[in-house]
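Structural description and commentary
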Amino acid sequence: MTTVRTAFLRRYSPAAFWRGRLGHWRTRRLLETHLLVLFLCAAVASTALFFSYRQTERGAAALAAREAPAVQGLAATRLAALRADQEAHALVRTHLVDVAGSGETYRSQLSAADQGLSRIADRTDQDLGTVNGLLATYGNSLNLGTSMYRDQPLMREQKLDEADSLLTRSTVGLAPRLDALQRVQLRHAEATATMGRWRRPGWWLAELALGALALTLLSALFMLRDRCGRDWNPYLLAAFVITVLLAVFPLMTTSATEDRLDRALGDLGRITEVSRHTGPGLATAQQTVAQKSEEVRQELTDGGWTDRMYRGTVVGGLLVVVLPALGLGLRLDSDYWRRR
C-alpha cells in the first residue's frame, strides 16, 4: 500500500505536473525564458510599487506639513476673532473698559488671530489678502471702541457695531470668509489624504506582478534542481524571500497609513465644526480645537516609520531585479554561454 501511495504521489504531485508541462522545452531555452520573465515581472512590480507607495508617503507628508496645519490655523483664527468681539463687549457691558489693565484678553485674542493667519500663509494656496485686511480693520474698530471714545458712548457704540458688522456680515464678513476658507481647505485635505485615482490600480498591478514573480522564482528553483541537479540557488532564494516581504509589508504599511489619515481627517472635520460655534462657550471651543489639533499632530507624526519603509521598498525593488538576473545569468554563463 505504501508503494502504491508513493507512486501515486510521484505521478500526480505538483512537481510531476510542472515537470510534464515543461518537458518539451530545452533546458537552455527554459533558463533564458525564466530569466526574461523574472526581469519583466520584477521591473513592473518594482515600478508600480515605487510609484504607489510614493504617492501614499507624499500624501501623508503633505497632510502633516501643509493641509492639517492650515485647517487648524483657520479654525483657531475664527474662534479667536469671535472671542475678541465677545470679550470687548463684555468689558463695555460690565463698565470695566476704562479700568487700567483691562482689555488684555481681547487684545491677546486679536493677536492670536493675526498670528494664526501669518502661520498658515505659506501652507495654503488660497488668497488671504482680503481676510488679513478685514482682520486689521476689525481689530482697529475694536480698539477704537474700547479705548478711544471713553467720554462718547454713542461713538463707542458705533465703533463696536462697526466691528460686529465687519465680523459677522453675511458672505463678506470676516467670520463667513474664514468659514468659506475652512471648507475649501478641508476639501484640499481630504483630496490629499484620499487614495487617488491611479493609486489603487497601481497597488493591484504591483501585487499581481509580485505574485507572478514569486511563482516564476519557484519554477526557476524547481527547474534548476530537477534539470540541472543543482542545490537551491541562493540568489533566487533571497529574491523569493524579498518578493514575499515586498508583497506583504508595504501593503500593510499603506493600509495602516490610510487608517491613520482617515482618523486625522475625522478630527479635522470635528475641528472645523467646533470652530463654527458662536455665542457663549467660545473659550471651551478653543480648548477643544487645541486638544484635537494636538491629537491630529500626534496621529500624523506617529507615521515617521513610513519613510523608512519607503526606503526599504526602494532597496527591495532593486534587489528583486538584480538577484534573479545574477542567479540565472551566472548559471547560463557557466553552463551554456561560455561554450559558444
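Residues numbered from 1 in each chain as written. Predicted model: local features only at pLDDT ≥ 70, side-chain atom pairs only at ≥ 80, totals over all residues. Heavy atoms only, no water.

1. Quick look at the overall build of the protein chain
- Helix and strand counts for the protein chain stand at 11 helices and 0 strands.
- For the protein chain, the α and β elements follow one another from N to C terminus as α-α-α-α-α-α-α-α-α-α-α.
- Each of the 340 residues in the protein chain was classed as buried or not, and the buried ones make up 43%.
- Within the protein chain, contacts between residues separated by at least 24 positions form 81% of all contacts whose residues are at least 6 apart in sequence.
- With the model as given, the accessible surface of the protein chain reaches about 18400 Å², and the carbon-plus-sulfur share is 59%. (Helix = DSSP H or I, 4+ residues; strand = E, 2+ residues; numbered from the N terminus. Buried < 20%, exposed > 50% of the residue type's maximum accessible area, 1.4 Å probe, protein only. Contact = heavy atoms within 4.5 Å. Areas by Shrake-Rupley, 256 points an atom, 1.4 Å probe, with all protein chains shown as cover.)

2. Some points on the packing of aromatic side chains
- Under the definition given, this model contains 4 aromatic pairs.
- Plain terms: the ring middles of Y53 and W203 are 6.4 Å apart, the flat faces sit at 75° to each other, and that makes the pair edge-to-face. Taken together, the positions of Y53 in helix α3 (residues 27-93) and W203 in helix α8 (residues 199-227) put the pair 150 residues apart, joining distant regions of the chain. Grouping residues by exposure puts Y53 and W203 together as buried.
- Pairing Y53 with Y310 gives two aromatic rings, centres 6.2 Å apart and planes at 10°, and the pair type is stacked. Of this pair, Y53 sits in helix α3 while Y310 sits in helix α11 (residues 305-335), placing them 257 residues apart in sequence.
- Y310 sits in the buried class, given a relative accessible area of 12%.
- Every member of this aromatic cluster is reached through a ring pair, and the members are F50, F51, Y53, W203 and Y310. (Phe/Tyr/Trp six-rings, centres within 6.5 Å; stacked < 30°, edge-to-face > 60°.)

3. Remarks on helix α7 (residues 174-193)
- With 20 residues, α7 extends 28 Å between its outermost C-alpha atoms, agreeing within 8% with the 28 Å of an ideal straight helix rising 1.5 Å per residue.
- Of all the positions in α7, only L174, A175, L178, D179, L181, Q182, Q185, L186, A189, T192 and A193 are classed as buried. One face of α7 carries all of its buried residues, which in axial projection span an arc of 165°. (Expected span 1.5 Å × (residues − 1). Arc of directions from axis to C-beta.)

4. Considering helix α10 (residues 282-301)
- Taking 1.5 Å per residue as the helical rise, α10 with its 20 residues ought to reach 28 Å, and the 28 Å between its terminal C-alpha atoms agrees with that figure.
- The set of residues buried in α10 consists of L282, A285, Q286, V289, S293, V296, E299 and L300. The buried residues of α10 occupy an angular sector of 145° when projected down its axis, which confines them to one face. Of the exposed residues in α10, those oriented more than 90 degrees away from the buried face are Q287 and Q291.

5. Looking at the pattern of salt bridges
- As enumerated under the stated definition, the model contains 9 salt bridges in all.
- Across the pair K292 and D267 runs a salt bridge, and its minimum N-O distance is 3.9 Å. One end of the pair, K292, is in helix α10; the other, D267, is in helix α9 (residues 234-275), with 25 residues separating them in the sequence.
- Note on K292: relative accessible area 22%, which makes it partly exposed.
- Given the relative accessible area of 3%, D267 is considered buried.
- Connected via shared salt-bridge partners are D179, R183, E273 and R276. (Salt bridge = Lys/Arg side-chain N within 4 Å of Asp/Glu carboxyl O.)

6. Quick look at the nonpolar core
- Residues L63, Y138, L142, L174 and L268 are the most contacted members of the largest nonpolar core, which totals 45 residues.
- The element that contributes the greatest number of residues to this core is α3, accounting for 13 residues.
- Those residues in contact with L142 that lie beyond four places of it in its chain are A84, D85, A88, Y106, L110, L160 and A163.
- Listed in part, the 28 residues of the second largest apolar core include A206, A209, A239 and L323. (Core = buried A, V, L, I, M, F, W, Y, C linked by side-chain atoms within 4.5 Å.)

7. Some details on the side chain of R78
- Mapped onto the secondary structure, R78 falls in helix α3.
- Look at R78: it is buried, it has no salt bridge, and the nearest opposite charge is D179 at 4.6 Å.
- Within polar-contact distance, the side chain of R78 engages the backbone oxygen of S275 at 2.7 Å.
- Beyond its immediate stretch of four places on either side in the chain, R78 contacts A175, L178, D179, Q182, S275, R276 and H277. (Lys, Arg positive; Asp, Glu negative; His and termini not counted. Polar contact = N/O pair within 3.5 Å; in protein donor to acceptor, adjacent residues only side chain to side chain.)

8. Section: the packing of α7 against α9
- Interhelical geometry of α7 versus α9 gives an angle of 175° and a closest axis separation of 10 Å. Looking at the two axes, α7 sits roughly antiparallel to α9. Facing Q182, L186, A189, E190 and A193 of α7, the residues of α9 in contact are E258, L261, L265, L268, G269, T272 and S275. (Axes fitted to C-alpha atoms, helices over the stretch in contact; angles between N-to-C directions. Parallel < 35°, antiparallel > 145°, perpendicular 65-115°, else oblique.)

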